[in-house]
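Fold and contact review
The primary structure of each chain is shown beneath.
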Amino acid sequence: MVGRNSDIKLAISHLSGNLVICKVSGKVAPERPLMSSAYGALLEEMMRKIARAALAAAMVLTAAPLAGLAPAAAQQSIKFGALYPFSGGLALLGDESFRGLEIAVEERNAAGGINGKTITLIKGDAVDPNQAVGEARRLTSVDNVSAIFGTYSSSLSLAATQVAELAGVPYFELGAVSDPITERGFKNVFRTNATAKDFSVRMVDSIPDAIAPALGKKPEELKIGIIYEDSLYGQTMSGYQKSRAAEKKLNVVEALAYSAKSVDLTPVILRLKSAGVDVVLQTSYQNDTVLFFRQMKDQGFKPKAVIGAGGGYSLRDTMAAVGPENMEGALDVDFTQYRTNPKAAPGIEQFVTKYKAKYGTDPRSGHSLANYMGAKVFFDAIAASKDLTADNIRAQVLKVDLPVGSTATGWGAKFSEQGQNTRALPFLMQWQGGELVTVFPADAAVAKMKVGVGTN
Amino acid sequence: MDVFIQLLINGILLGSMYAIISVGLTLIFGIVRVVNFAHGEFLMVGMYGAYLLAAKFGLHPYVSAIPIVLLLFAFGALVQRFIIQPLLSAEEHIQIFATVGLSTALMNLALMIFGADLYSVPPSVVQHSINIGGFTLVIGQIVMFVCALALVAGLHLFMQSTPLGRAIRATAQNRNAALLMGVRVDRIYVIAFGLGAACVGLASALVMPLYPVTPTIGTYFVLTAFVVVVLGGMRSMYGAFFGAMIIGIVDSLSGYYIAPDLKEVVYFVIFILILIFKPTGLFGLGRGTE
C-alpha cells in the first residue's frame, strides 16, 4: 500500500495528515516498555553519548578548515532547519505549513531577530520517512542548525525526531498530530499543536458541552453512533472516542467501521437509522464523507448532529461536492480556521493580512496559522535561553506559560515533561451557509451553533 | 421487514452499477482474452471527461454520455492496437503487466493534470431520491438499472443478429478457426476492446452524477468488477449481470446484518466457494471454456 497513489490521495485529502501517522504509531508504541527499562535507558544514554561524540568530531572536522574563513556575519545569524514535505504528494499542505513558519521568521527578524541575531531558515525536503531521516541528518550534522521546525505529516515527524533526538538538537513540531510523537520519552522534542487524542476528546466532549444544551436534553439521553474508516487512522481516533464516551457515561449505541473505499454506505446509514442515533461521530477521509452525506439524505436519516474531524470535513471541496445546503450544520473539529473570533485568537487577523501581502492569496488551510503560532512560542523560548544548548532551551520551553486565548490560534502553551503542549484545545466549527465558522467555545465563536444537519 | 426490503432495493440498485461497469470487462476478457487491469482507470478517464464537459460546456453527464462513449471506444481501440496487439502472442503475464502499467500510468497522469482534489458535476435531479410505498430509490440508480438492462439486451441483439457480431462470436469461440474463415481477427480484437471501453464509458457518464471523481476512483470499483466477471462465468454478459446483482445484494445485506467492514469478507468467501465448486462461474459454459 505504501507509496501507492491511493495513499497519496488520501494523505493529501486529509488536512491533518493523519493517515500516515498511525501506521507508524502502531510500530512505535510497542518499543516503549523496552526503552523505559533500566537497561534500555542505559543503552539509550550510551547511544546518545556516542552519537554526540561522533557529531562533535564531525563538526570539528568540517569546521576546522573553514574556521579562518568564517565571515563576521555568520555570528549575527542563527540557523534553523525547516523540515517539511516540499515535493511529492504531501507538498501542498507541507508548503502551506512552511508559510506559517516563514511569516513568523520574517516578523521576528523585522523586530530584531533572536537577541540581535537574524534567523536563517534552511529547508529540508522530507518526501517520505526515509528522506525525512536523511534530511534531518543533513540539517543536524552538515548545516549544524540550532533547532529544527516541522513537519506537517506524522510519519515524517516520527522518523525525523529520532535523528534530532540522537543528535541532541531541539525539534519543534508545529503540525503533526500523532500522539506517540511526544510519548516516547524524548528530551528535545516539543509540540505546540493538538494531538489525535485531543481531537477525539473534543469531539466527544462537545456532546455534553455544546450539543445537548442546544437541544435542551441531558447528554445521557442522546443516542450516539461512532463510525470510522477502518484503517489505523479511523481505529486510533475511534478508540479514543469510545474510551472518552465511556468516561463521560454517554450512551454509544453503534460503533461501526467501514472501508474508506466503500462505494455504498447505505448499510451503515440504515444501521444508524434503525438504532435511532441522535449524534454521529465520524472519522473519515474525503470521499467517504461526501458519500455519507449524500446517502444520508437519500435514505432519509436525520440525526440531530454530525461531528467529524480534519480534512474530510474541513476542505471546501467536500462542502462543494456535498452541496452547501446538505453540509449545513455539520460540525467539525480541526486546527483553528480563519472564521474565529479575534478576541479569543489575538493576532489571527494580522496573520491573514501578512499572509495575503506575502503570497497574494488567502491562506489555503489552518496549517499555516498553527505553524506560525508554534514558531512564535518557540522563538520566545529560544530567546530566553542564555545559549543555544539543548538543555537550556528545554528548560526555557518548560517554563513557557501562556494562558488559553493568548495566541493567534487561540491556544495557550504549557508543556508537559514529554514536550507536549497541554493547552492546545481544538475548537468546534460548523458549516453554515457554505462557510466553516467557529461555534464553540463561546468566546472563540463567531456564530451561534445550529442544530440539525442539512435540509432534513 | 421494512429495512430488509429497503436493503434489497439498495442492493439491486448497487448491483446495477456493478453490472454496467462489469459488462465491458467481460466483453474484453471474453473476446480478446486479456484481463484488463486498467478497466477502473478507463472509468476514471470517462468520469473526468464527463466532468470537463459539464464544467466547460454545461452538459449534463447523461448528455455527454454520447461523446464519452465514442471517445472511450477510440481510446480502447488505440490501447488494443498499440499496446495489447504487439503482445498478443506473448505470454499472458506480459499482457497483464502491460495493463497494470497502463493503469498506473493513467492514474498518475490524472494526478498530474487534475491533482488529488475531487471534482463533481453540479447537482441535478438525478441525485434526488423518490419515495415509493415508504421505500427510497435514488433516481440516478434507477436510470443505471434500466441502462444496464438495455445495454445487455442491446449487446445480445448486436452479437446475435449482425454480421460483425457473428464475426466477434466466432473469434471468441476459436481464434484460428475464425481466421481460416476469413475473419480479420486483429480488427475484431480492436473493435471488441473498443466496445468494452465504450461500455465503461457509458458507465462513467451514469456514475458521474452520484460519485465525485478522483484519480483513484477506478480502484474503488474495479476489484468488485473482477469478482462479478468471475462469478458470472468470465465471458457471459448475462452472467456478469446476474453476478453483479448477487454481489450488490450480498453487499447490502451483509453490511447491515453482519458489519459494514466485513461485507467484502462475505462476498470474497462466496467468490472463493464458487471458484472451488464451480470454477467456470455461475453461468460458465463448462470446463475448458474459461
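Scroll up to find the structure this text is about.
Let us look at the structure shown here. Here the residue index of a chain counts from 1 through its sequence in written order. Labels are handed out in written order, letters beginning with A for the chains and numbers beginning with 1 for the ligands. For a predicted model such as this one, the threshold for reporting local features is a pLDDT of at least 70, and the threshold for listing and counting side-chain atom pairs is 80 or more; totals across whole chains, interfaces and linings nevertheless cover every residue. Note that the side-chain values use all heavy atoms of the structure and ignore hydrogens as well as water.

**Let's talk about the pairing of strand 2 (residues 135-138) of chain B**
Residues and elements named next belong to chain B. Relative accessibility under 20% of the residue-type maximum defines a buried residue, over 50% an exposed one, and the middle range a partly exposed one, all with a 1.4 Å probe and only protein chains included. Each helix is a run of DSSP H or I of at least 4 residues and each strand a run of E of at least 2, with the numbering of both proceeding from the N terminus. Across the two faces of strand 2 the burial is the same, with F135 and L137 and T136 and V138 all buried. Two elements, strand 1 (residues 129-132) and strand 2, share 4 bridges in a ladder whose sense is antiparallel. When the sheet's bridge partners are listed, I130 is paired in strand 2 with L137. Once strand 1 ends, the chain turns through 2 residues before running back antiparallel as strand 2, passing G133 with a positive phi of about 55 degrees. Any two strands between which DSSP finds at least two bridges are classified as paired.

**Digging into a nonpolar patch on the surface**
Residues and elements named next belong to chain B. Patch membership requires over 30% relative accessible area and the absence of a salt bridge. Like charges are linked within 9 Å, and nonpolar side chains (Val, Leu, Ile, Met, Phe, Trp, Tyr) within 5 Å. In short, Shrake-Rupley with a 1.4 Å probe defines the accessible areas, and a residue's cover is counted only from the protein chains shown. Definition used for salt bridges: Asp or Glu carboxyl oxygen within 4 Å of a side-chain nitrogen of Lys or Arg. Together, Y257, I258, L262, V265, V269, I272, L273, I276 and F277 make up an exposed nonpolar region whose accessible area comes to about 890 Å². Here the nonpolar patch takes 6 residues from helix 11 (residues 263-277), the largest share from any one element. Note on I272: relative accessible area 47%, which makes it partly exposed.

**A few points about the sheet that holds strand 1 (residues 77-84) of chain A**
Strands belonging to one sheet form pairs held by backbone hydrogen bonds; the direction of such a pair is parallel or antiparallel. Residues and elements named next belong to chain A. Read across the open sheet, the 5 strands follow the order 2-1-3-4-5; overall the sheet is parallel. One side of each edge strand has no neighbouring strand; the edge strands of this open sheet are strand 2 (118-125) and strand 5 (189-191). On average, adjacent strands in this sheet sit at an angle of 25 degrees to one another, irrespective of strand direction. Two elements, strand 1 and strand 2, share 8 bridges in a ladder whose sense is parallel. The partner of S77 across the bridge, within strand 2, is T118. Under this scheme, a helix contributes an axis fitted over its contacting stretch, all axes are lines through C-alpha atoms, and angles between N-to-C directions fall in the 0 to 180 degree range.

**Re the packing of helix 5 (residues 139-161) of chain B against helix 6 (residues 163-173) of chain B**
All names here are of chain B. Close contact between helix 5 and helix 6 brings their axes to 5 Å; oriented N to C, the two are set at 85 degrees. Judged by the inter-axis angle, helix 5 sits roughly perpendicular to helix 6. Here helix 5 contributes F158, M159, Q160 and S161 to the contact with helix 6, which in turn contributes P163, L164, G165, R166, I168 and R169. Each residue gets one label: Ala, Val, Leu, Ile, Met, Phe, Trp, Tyr, Cys and Pro are nonpolar, Asp, Glu, Lys and Arg are charged, and the others, such as Gly, are polar. Counted by class, the contact of helix 5 with helix 6 contains 5 nonpolar, 3 polar and 2 charged residues. We call two directions roughly parallel when the angle between them is under 35 degrees, roughly antiparallel when it is over 145, roughly perpendicular when it lies between 65 and 115, and oblique otherwise. The contact rule is simple, with two residues in contact once any of their heavy atoms fall within 4.5 Å.

**Considering the environment of G11(B)**
Residues and elements named next belong to chain B. Mapped onto the elements of the fold, G11 is located in helix 1 (residues 2-32). Sequence separation of G11 and I249 is 238 residues, and the distance between their C-alpha atoms is 3.9 Å. Residue contacts for G11: discarding those within four places in its chain leaves G248, I249 and S252.

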